[in-house]
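# A structural walkthrough
One-letter residues, chain by chain:
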Amino acid sequence: MRTFRYVVADVFTDRPLAGNQLAVFTDARGLGDDEMQSLAREMNFSESVFVLPPQSDGHVLMRIFTPAAEVPFAGHPTLGTAFALAGPLQVEEIRLETLSGVVPVALEREGDRIVFGRMKQPLPTWRPFEDEAKLLAGLELERSELPVELYDNGMHHVYVGLRSVEEVAALKPDLSAFSDAPAVLGINCFAGEGSRWKTRMFSPSGGFMEDPATGSAAGPLAVHLARHEQIGFGEEIEISQGAEVGRPSTLFARADGSAEQLERVEVGGSAVIVSRGEFRLP
C-alpha cells in the first residue's frame, strides 16, 4: 500500500473552522493525474494541492485540482500551501511553482508561528464579458454598477458591481443558468467603498456553488476597482467573503502601477492548519 499524507488548512482566516478549506498533499510523488483528480473529488474542497519537486527556481511545484478539473493557478491554495510548507523550511519567502508561473509568498511571523502571508500574483489581462445579458439574468440583476469585465490570471473571473453590501448578501442567483459555463470561470458580485469591500463568488460548473474565499479573484478585483477609479492604484483593500456559506473570510489585495502599465498585484491573508491525515492506496 502507498501512503500519501495531507494537511487541511483553513485559509484567509486566523481561526479554525472559518475561511476556505484546503487539502495539501505534502509529497505527491507517485500519484498519477487521475489519482490526483480522484483525491480532490474525495476531499471535496474547492481545491486540493499536490506538492511535487520543483522544475525551475521554486522551492516546490504545486498542482491544483478542484473536484472537477485541474487549474493553473488559484489564490487560497497558494497561500495555504505556503503556510503548510514554510514553517519547516524556516524561510521568509517561499517560491511556489504553479502552471501559471512561480508565485512568491512573503511571510510574517510572531515567534516561530507564521501569522500572515502575501503573494505576488500573476498579472491579469482583461476584456469585456461577452455574455453580460445572460449573466445579469441569471443573477436576477438589471445592471452592473461598473462595466462587466472578464479577468484572466490563470483563473477566469467576471465582475458584477452591486449598489450595496446588503444587495450582495441578499443575492439568490439561478445557478442553473451557468451550468454550461467553463469550469475555470468564477462569477464575482461585489460592493463597498473606500478600503472595505464585500464579495461573493459563484462557480456552479467548477464543482462547487459558492466559494468562501477566492484569492485568485481578490487581486483582479483590486485592479478592477482601481481601473474604474473606485480606489487608487497602490491602495490596499480589505475584502469580506464567505459569511453566506458559514465560513467568514478576510482577504487583502493591492494593485500597483496604472491602467496602462500594471506593475504588481498582491493578495494577503492568514491561515491555520486544522488537521492531518493520510490516504492508503494500492
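See the structure above.
Residues numbered from 1 in each chain as written. Predicted model: local features only at pLDDT ≥ 70, side-chain atom pairs only at ≥ 80, totals over all residues. Heavy atoms only, no water.

## Some thoughts on the overall build of the protein chain
Selection criterion: A run of DSSP states H or I qualifies as a helix once it reaches four residues; a run of E qualifies as a strand once it reaches two. Both are numbered from the N-terminal end. Values of the radius of gyration come from C-alpha atoms, whereas the globule rule sets the reference at 2.2 Å times the count of residues to the power 0.38. With a 1.4 Å probe rolled over the protein chains alone, any residue whose accessible area is under 20% of its type maximum counts as buried; one over 50% counts as exposed, and the rest are partly exposed. It only takes one pair of heavy atoms within 4.5 Å for two residues to be counted as in contact. Working definition of accessibility: Shrake-Rupley area with a 1.4 Å probe, residue cover restricted to the visible protein chains. Counted charges follow a simple rule, with Lys and Arg positive, Asp and Glu negative, and His plus the chain ends left uncounted. Lysine's charge is taken at NZ, arginine's at CZ, aspartate's at CG and glutamate's at CD.
A count of helical and extended segments in the protein chain gives five helices and 18 strands. Taken against the 2.2 N^0.38 rule, which gives 19 Å for 282 residues, the C-alpha radius of gyration of the protein chain at 18 Å falls within 12% of a compact globule. In terms of overall dimensions, the protein chain has C-alpha extents of about 55 × 40 × 35 Å along its principal axes. The buried share of the protein chain, reckoned over its 282 residues, is 56%. Counted over contacts in the protein chain with a minimum sequence separation of 6, partners at least 24 positions apart contribute 61%. Just so you have it, the protein chain exposes about 12100 Å², and 46% of that area is on carbon and sulfur atoms. Averaging the coordinates of the 25 positive side-chain charges in the protein chain and doing the same for the 41 negative ones gives two points 5 Å apart.

## Observations regarding the pattern of salt bridges
Defined as follows: What counts as a salt bridge is simple: a side-chain nitrogen of Lys or Arg found within 4 Å of a carboxyl oxygen of Asp or Glu.
Counting across every chain of the model gives 20 salt bridges. With a shortest N-O distance of 2.7 Å, Arg143 and Glu145 are connected by a salt bridge. In this structure, Arg264 and Glu266 form a salt bridge, with 2.6 Å as the shortest nitrogen-oxygen distance. Overall, Arg264 belongs to the partly exposed group, its relative accessible area being 30%. A relative accessible area of 10% places Glu266 in the buried class. One network of salt bridges, with partners in common, ties together Lys198, Arg200, Glu210 and Glu244.

## Structural notes on unusual backbone geometry
We note that Phe12 has phi near 65 degrees; this positive angle belongs to a residue other than glycine. Assignment of secondary structure puts Phe12 in the loop between strand 1 (2-11) and strand 2 (20-25). Positive phi outside glycine occurs at Glu229, with the angle close to 60 degrees.

## Some words on the pairing of strand 10 (residues 149-152)
Formally: Two strands are said to pair when DSSP picks up at least two bridges between them.
When strand 9 (residues 125-128) meets strand 10, the two strands line up antiparallel, connected through four bridges. Among the inter-strand pairings, Arg127 is bridged to a residue of strand 10, identified as Leu150. In this sheet, strand 11 (residues 156-161) lies alongside strand 10 in antiparallel orientation, the contact comprising four bridges. Residue pairing for strand 11: Glu149 is matched across the bridge by Tyr159. Joining the antiparallel neighbours strand 10 and strand 11 is a turn of three residues, in which Gly154 adopts a positive phi near 110 degrees.

## Here we look at helix 1 (residues 33-43)
Where we set the bar: The directions from the helix axis to the C-beta atoms are what the arc is built from.
Inspection of helix 1 places Met36, Gln37, Leu39, Ala40 and Met43 among the buried residues, and these make up the whole buried set. The arc that holds every buried residue of helix 1, seen down its axis, measures 160 degrees, which confines them to one face. Among the exposed residues of helix 1, those pointing more than 90 degrees away from its buried face are Asp34 and Glu42. In the segment just after helix 1, Asn44 is the residue with positive phi, at about 65 degrees.

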